[in-house]
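# Per-entry structural report
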Amino acid sequence: MYAMREAIRAFRRAPLLTGLSAGMIALSLFLVGLFGLAAYNVRRVLDRVEARVEIIAFLNDDAVPEMVRQAQEQIEDFDEVREVRYISREAALLKARRELPEFETLFGDLASNPLPASLEVMLRPNQTGPEVVERVADRIRAYPFVEDVRYGSEWLDKVFLLRRVAGTAMLVLGISFAVVASLIIATAIRMAIYARRDEIQIMRLVGATEGFIRGPFILEGLLTGLGGGLAAVIATYLVYSTISQSIFQLEWLPSTWMAAGIASGAAVGILASAIAVRRHLREV
Amino acid sequence: MIRLIDVHKEFAKGGSALNGISFELRKGEFCFLTGHSGAGKSTIMRLIHMADRPSAGDIRVAGYRAATIEPREISMLRRKIGYVFQDFKLLEDRSAAANIAFALEVTGARPAVIRSKVGRLLAQVGLAAKSESLPAELSGGEQQRVAVARALANDPLVLLADEPTGNLDERATWGIFDLFRDINMAGTAVLFATHNLDLVRRNAGFRVIELDNGSIVFDSAAEPKGKA
């Protein structure tokens with residue numbers, strides 16, 4: 001109760017400084033939020049791309065159907081595999097005609113079907129990483145009637161690289177801005193300590209415990225961090241809303257991400273003020 | 001209740017502030033601590049208040065020992081010690097009543113207790129009519145009365161008064177001294193540091209300890225020097 005009253009009193013006593021601190025945390029977390037929004041949407045797109053990762057094993061024309069059927073069953077038993085579809089040569093031609101109508105004339109002039117039969121191997125979710133795909137492809141390639149295996153290794157590597165870069169950039173940016181926000185909060189707390197040094201001296205004089213003396217400053221850091229975190233979420237939402245209405249539809253961040261953002265603001269606030277209090281109370 | 005046993009205090013940059021100080025202040029006793037500026041009066045006060053530690057020797061206050069006291073115990077000890085300074089140390093943006101209430105708030109007293117105690121203390125120091133005045137609206141003597149009331153807020157066993165009349169005119173000085181004497185008669189021990197020898201001479205019935213260059217050169221309690 002006392003700590004809350006003193007923390008609010010500190011806000012009233014130096015509204016500009018407190019506002020600046022909360023504003024800087026808000027700005028820092030807002031920039032992290034914007035990057036998070038972009039990273040999250042990129043991730044969602046990549047998730048959809050990943051879900052479509054499949055391995056296509058092209059078969060020799062003289063492959064024995066019984067052996068192919070057995071191989072199909074064996075591949076379906078792989079832990080990483082969700083489904084295996086056999087595409088006959090005729091089905092492949094039909095599919096090509098359906099998916100590539102601009103080449104209809106070319107297909108019509110063909111004397112014989114040039115397309116090979118194939119096995120389309122769909123992977124389980126979370127089993128679409130480059131290493132997994134390559135491992136499964138290698139096992140399929142080992143069948144003697146498999147002529148070639150394709151899985152778009154180059155673009156798959158790029159997709160995963162992009163994801164890793166986006167994740168790392170978000171982490172680095174987040175940590176950088178957390179450090180900046182911490183320094184600002186620590187400065188604000190330091191100034192608050194010096195502004196209240198007479199009170200602190202008297203508190204010690206009459207027997208207040210160190211925990212009691214620290215309480216309002218820690219609470220001030222927590223409230224500043226929480227306020228900054230909330231403001232950042234609101235600002236990020238406004239940007240999301242504007243882009244979604246006027247440019248293209250984005251997906252809003254999951255509630256766990258927002259909670260993590262606000263909690264991060266609070267944690268940065270508490271941590272920065274605790275360090276500042278520990279360091280500067282000794283000087284009073 | 002307060003016992004200093006062969007206490008030495010060295011300055012961080014060399015030189016000594018206290019050289020083998022030993023004395024005992026008993027429950028309910030009034031004692032002047034006199035000596036020139038720099039004789040060691042304030043250092044003794046700070047050591048008793050556990051704001052500093054002796055370089056050698058030991059200090060025992062209300063059951064706590066300077067040699068072994070834990071940091072969290074210091075705040076508990078300080079609730080048993082009232083401290084009054086020459087420069088009052090009041091919060092300028094708070095009324096007389098709020099300054100006194102502050103000492104109770106920060107030690108966790110309940111609002112009802114704070115209200116009744118602040119009223120009683122203001123009456124005790126003769127400032128009931130000025131409870132809402134800010135320190136700047138009070139005279140020096142009145143400000144010191146507020147400081148005394150604040151020092152009494154937690155019902156201390158002893159009042160440490162470090163030159164409490166140093167900033168006051170003669171009339172206010174006697175008013176403050178009378179207040180300390182009344183507090184002492186009610187049972188609170190008082191260690192009253194002053195270089196006002198006129199004040200000491202005119203109250204010859206009280207114990208006097210005189211310091212010079214960090215040593216006790218006179219103790220009217222008729223105990224052999226250096227023995228607690």
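Below: a short report on this structure. (Residues numbered from 1 in each chain as written. Chains lettered and ligands numbered in written order. Predicted model: local features only at pLDDT ≥ 70, side-chain atom pairs only at ≥ 80, totals over all residues.)

## What about the overall build of chain A?
From N to C terminus, chain A includes ten helices and four strands. Counting helices and strands in the order they occur from the N terminus, chain A gives α-α-β-α-β-α-α-β-α-β-α-α-α-α. The 284 residues of chain A split such that 30% are buried. Expressed as a percentage of contacts within chain A between residues at least 6 apart in sequence, the contacts between residues at least 24 apart total 87%. (Helix = DSSP H or I, 4+ residues; strand = E, 2+ residues; numbered from the N terminus. Buried ≥ 20, exposed ≤ 12 C-beta atoms within 10 Å, placed from the backbone. Contact = placed C-beta atoms within 7 Å.)

## Quick notes on unusual backbone geometry
Phi at aspartate 6 of chain B takes a positive value of approximately 50°, unusual for a residue other than glycine. Note on placement: aspartate 6 of chain B falls in strand β1 (residues 2-10).

## Concerning the environment of leucine 281 of chain A
Residue and element names in this part refer to chain A. Residue placement: leucine 281 occurs in the segment after α10 (255-280). Among the residues examined, leucine 281 registers 18 C-beta atoms within 10 Å and is labelled partly exposed. Sequence-distant contacts of leucine 281, defined by excluding residues within four places in its chain, comprise Ile193, Ile200, Ile213 and Arg214.

## A short note on the sheet that holds strand β3 (residues 118-123) of chain A
Residues and elements named next belong to chain A. Taken in spatial order, the four strands make up an open sheet running β2-β3-β1-β4, and their pairing is antiparallel. Two strands bound the open sheet, and with one partner strand each, they are β2 (81-87) and β4 (146-150). Neighbour-to-neighbour, the strand axes of this sheet turn through a mean angle of 20°, independent of strand direction. With four bridges joining them, strand β1 (residues 54-59) and β4 adopt antiparallel strand pairing. If you follow phenylalanine 58 over to β4, its bridge partner there is aspartate 148. (Pairing = 2+ DSSP bridges. Axes fitted to C-alpha atoms, helices over the stretch in contact; angles between N-to-C directions.)

## Quick notes on the pairing of strand β4 (residues 56-61) of chain B
Residues and elements named next belong to chain B. Taken together, the five bridges between β1 and β4 define a ladder with antiparallel strand orientation. Directly across from isoleucine 2, in β4, lies its bridge partner valine 61. Alignment of β4 against strand β5 (residues 64-65), held across two bridges, turns out to be antiparallel. Directly across from valine 61, in β5, lies its bridge partner tyrosine 64.

## Looking at the sheet that holds β1 of chain B
Here we have four strands laid out as an open sheet, ordered β2-β1-β4-β5 (chain B), and antiparallel in their pairing. Edge positions in the sheet fall to β2 (16-25) and β5 of chain B, since each has one partner strand and no second.

## Some points on the interface of chain A and chain B
If you look at the interface, chain A gives eleven residues, while chain B gives 15 residues. In terms of residue count, the dominant contributor to the side of chain A that touches chain B is helix α8 (residues 197-206) of chain A (six residues). A breakdown of the residues in the side of chain A that touches chain B according to their chemical character gives seven nonpolar, two polar and two charged. (Nonpolar A, V, L, I, M, F, W, Y, C, P; charged D, E, K, R; others polar.)

## A few points about the packing of helix α3 (residues 96-105) of chain B against helix α5 (residues 140-152) of chain B
Residue and element names in this part refer to chain B. Between α3 and α5, the least distance of the axes is 8 Å, while the angle of their chain directions is 25°. On the basis of their axis angle, the class for α3 and α5 is roughly parallel. α5 is crossed by α3, and the crossing has right-handed handedness. Across from Ala96, Asn99, Ile100 and Ala103 in α3, the residues of α5 making contact are Val146, Ala149 and Arg150. For the contact of α3 with α5, a count of residues per class yields five nonpolar, one polar and one charged. (Parallel < 35°, antiparallel > 145°, perpendicular 65-115°, else oblique. Left-handed = near helix turned anticlockwise from the far one by under 90°.)

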